[in-house]
Amino acid sequence: MFEQPTPTLHRDGDALLILDQTALPFHTRTLRLATLAEAVHAIRAMQVRGAPLIGATAAHGIALALLRESGDAALDRALQMLGATRPTAVNLHWALARMDKALRPLPPAARVNAAWAEAEAIRVDDAATCDAIGRHGLALIEAVAARRPGPVRLMTHCNAGWLATCGAGTALAPVYAAQAAGIAVEVFVSETRPRNQGLLTAWELAAAGVPHVLIADNAAGLLLMRGEVDMVITGADRIAANGDTANKVGTWLKALAAQAAGVPFYIAAPHSTLDFACPDGPSIPIEDRGAEEICMLRGIDAAGAIAELRQAPPGTRTANPAFDVTPATLITGIITERGVVEPAALAGRYPEAAR
Ligand SMILES: CSC[C@H]1O[C@H](OP(=O)(O)O)[C@H](O)[C@@H]1O
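What you see is a predicted model, and the numbers here were worked out from it, not measured in a lab. (Residues numbered from 1 in each chain as written. Predicted model: local features only at pLDDT ≥ 70, side-chain atom pairs only at ≥ 80, totals over all residues. Heavy atoms only, no water.)

Here we look at the sheet that holds strand 2 (residues 15-19)
Part 1: Overall, antiparallel pairing links the three strands, which are arranged 1-2-3 in an open sheet. Each of the sheet's edge strands pairs with one partner strand only, and the pair in question is strand 1 (9-12) and strand 3 (30-33). Ignoring which end each strand starts from, the neighbouring axes of this sheet average 25° apart. (Pairing = 2+ DSSP bridges. Helix = DSSP H or I, 4+ residues; strand = E, 2+ residues; numbered from the N terminus. Axes fitted to C-alpha atoms, helices over the stretch in contact; angles between N-to-C directions.)

Following this line, the structure appears as structure tokens:
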């Protein structure tokens, strides 16, 4: 079982401790969430981020809410507030539905303990799922390593490492599995404007000693066309019934470039990312995160303090969709905890979810 260097989230009595990802990669800071409002803010402000992790955080947010009041109205309010934080990652809504199913039949007095237990089960389930994704993705990396000498060269987008989950990650889980198996890999890490989650991936890989190269998002196409990449693996936020997949904005462009360059393009995702109620990509809600993420740059100043610089005047018109959709036709395979699945075969691999 992969051990997170620092837990992305864990219960501490009647509170939830999270790793504040708005401070990374500059500072490692733990935040203590004690209320529903603090859990809502943590998800919306991306103090926690990553599809599986926001689901687990929302599940714990239900427990925090019920500590104060545990009747049906309180449960409904908590489900609604947490469900309204971010629209695209279906893991959030999957986790809330699982909490509602577990808690609704119980008398209010029994709900708090049951909420903590169910939230913990979601956390543990996600960690095990990440490990399984790592094992199945490892087989793909081993196949490349068997074909030619030298490190297997991967490309990823955004952060789908342990920071985005309760375990090893999704897209990076095979990387960590390859490292543990002694297979040489190196990873092209796309910075992923505007929130630059690629810096989180670089931070993770540096700490793990995995060779990596940080690139501007727009450099990915040239590297792919030069034959410098053996495979692309990204995470996902919602996979529709036909295999169309929403992921961080820019993923589709990489999938197009990968197809043009003849490079396999994989999505890594757990069962909680599958949404068979969503028929296709156009049906996936895409979050817009407003102008300031485009107009402001974040970094650290000479004193090491996190600073923001304005790169565009206030009032500049912007478009800031946080995700895009990669059609199933561009996806070589989906690396799940049940194996590497062709997009069209998802329903067969997950019959219980596809009903
Ligand atoms: C392991 S899935 C991570 C997935 O979530 C990220 O979005 P965000 O950073 O906005 O929460 C990104 O789409 C990743 O691929």
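Some details on the site of the ligand
Part 1: The environment of the ligand is made up of 18 residues, and the closest members are Arg 49, Arg 86, Asp 237, Asn 247 and Lys 248.
Part 2: Within the contact set of the ligand, an oxygen atom lies 2.5 Å away from a side-chain nitrogen or oxygen of Asn 247.
Part 3: Between the ligand and Lys 248, the relevant distance is 2.7 Å, taken from an oxygen atom to a side-chain nitrogen or oxygen of the residue.
Part 4: In the complex, the protein chains occlude 100% of the 400 Å² of accessible area that the ligand would expose alone. (Near = heavy atom within 4 Å. Polar contact = N/O pair within 3.5 Å; in protein donor to acceptor, adjacent residues only side chain to side chain. Areas by Shrake-Rupley, 256 points an atom, 1.4 Å probe, with all protein chains shown as cover.)

What about the pairing of strand 7 (residues 231-234)?
Part 1: Judged by which residues are buried, strand 7 turns out to be covered on both faces: Met 231 and Ile 233 on one side and Val 232 and Thr 234 on the other are all buried.
Part 2: Pairing between strand 4 (residues 152-157) and strand 7: two bridges, direction parallel. Bridge assignment links Met 155 to a residue of strand 7, and that residue is Val 232.
Part 3: Of the pairings in the sheet, the one linking strand 7 to strand 10 (residues 265-268) comprises three bridges and is parallel in character. Bridged to Thr 234 within strand 10 is Ile 267. (Buried < 20%, exposed > 50% of the residue type's maximum accessible area, 1.4 Å probe, protein only.)

Thoughts on the sheet that holds strand 5 (residues 185-190)
Part 1: Sheet architecture is open: seven strands sit in the order 6-5-4-7-10-15-16, paired in mixed fashion. The outermost strands of the open sheet, each flanked by one partner alone, are strand 6 (212-215) and strand 16 (339-341). The sheet shows a mean angle of 25° between the axes of neighbouring strands, direction not considered.
Part 2: Here four bridges tie strand 5 to strand 6, and the two strands are oriented parallel to one another. Along strand 6, the bridge assignment pairs Val 189 with Leu 214.
Part 3: The strands touched by helix 5 (residues 108-147) are strand 4, strand 5, strand 7, strand 10, strand 15 (333-336) and strand 16; relative to strand 15, the strand with the most contacts, the crossing angle is about 130°. (Contact = heavy atoms within 4.5 Å.)

Some remarks on the UniProt feature "site: Transition state stabilizer" (unreviewed entry) in the protein chain
Part 1: With numbering matched to this structure, UniProt assigns "site: Transition state stabilizer" (unreviewed entry) to Cys 158.
Part 2: Along the polypeptide, Cys 158 turns up in the loop between strand 4 and helix 6 (173-180).
Part 3: If we ignore the near neighbours within four places in the chain, the residues touching Cys 158 are Arg 49, Ser 190, Thr 192, Gln 197, Gly 198, Thr 201 and Lys 248. (UniProt positions renumbered as here; feature names shortened; annotations may be inferred.)

Quick notes on the layout of surface pockets
Part 1: Taken as a whole, the largest pocket spans an internal volume of roughly 350 Å³.
Part 2: Elements that contribute at least two residues to the lining of the largest pocket include exactly helix 7 (198-208), helix 10 (292-295) and strand 12 (296-300).
Part 3: It is strand 12 that provides the largest number of residues to the lining of the largest pocket, a total of three residues.
Part 4: When grouped by side-chain class, the residues that make up the lining of the largest pocket number nine nonpolar, four polar and seven charged.
Part 5: Split by domain, the residues of the lining of the largest pocket number at least three in each of domain 1 (9-125) and domain 2 (134-354). (1 Å grid on protein atoms, 1.4 Å probe; cavity = no way out; pocket = protein on both sides within 12 Å on 5 of 7 lines; lining within 4 Å. Points joined across faces, edges and corners; volume = space filled by probe spheres on them. Nonpolar A, V, L, I, M, F, W, Y, C, P; charged D, E, K, R; others polar. Domains from an automatic or database assignment.)

Comments concerning a nonpolar patch on the surface
Part 1: Among the surface-exposed residues, Trp 252, Leu 253 and Leu 256 lie close enough to one another that they form a single nonpolar patch of about 290 Å² accessible area.
Part 2: With respect to the helices and strands, the residue Trp 252 is situated in helix 9 (residues 251-261). (Patch = residues over 30% accessible without salt bridge, like charges linked within 9 Å, V, L, I, M, F, W, Y side chains within 5 Å. Salt bridge = Lys/Arg side-chain N within 4 Å of Asp/Glu carboxyl O.)

Things to note about the nonpolar core
Part 1: Ile 62, Leu 82 and Met 99 are the most contacted members of the largest nonpolar core, which totals 37 residues.
Part 2: Mapped by element, the contributors of at least two residues to this core are strand 2, helix 1 (36-44), helix 2 (51-68), helix 3 (72-83), helix 4 (90-103) and helix 5.
Part 3: The leading source of residues in this core is helix 2, at eleven residues.
Part 4: The residues contacting Ile 62, other than those within four sequence positions of it, are Leu 75, Ala 78, Leu 79, Leu 82, Leu 96, Met 99 and Leu 103.
Part 5: Counting 32 residues, the second-largest nonpolar core is a separate cluster that includes Cys 130, Leu 140, Val 152 and Ala 178. (Core = buried A, V, L, I, M, F, W, Y, C linked by side-chain atoms within 4.5 Å.)

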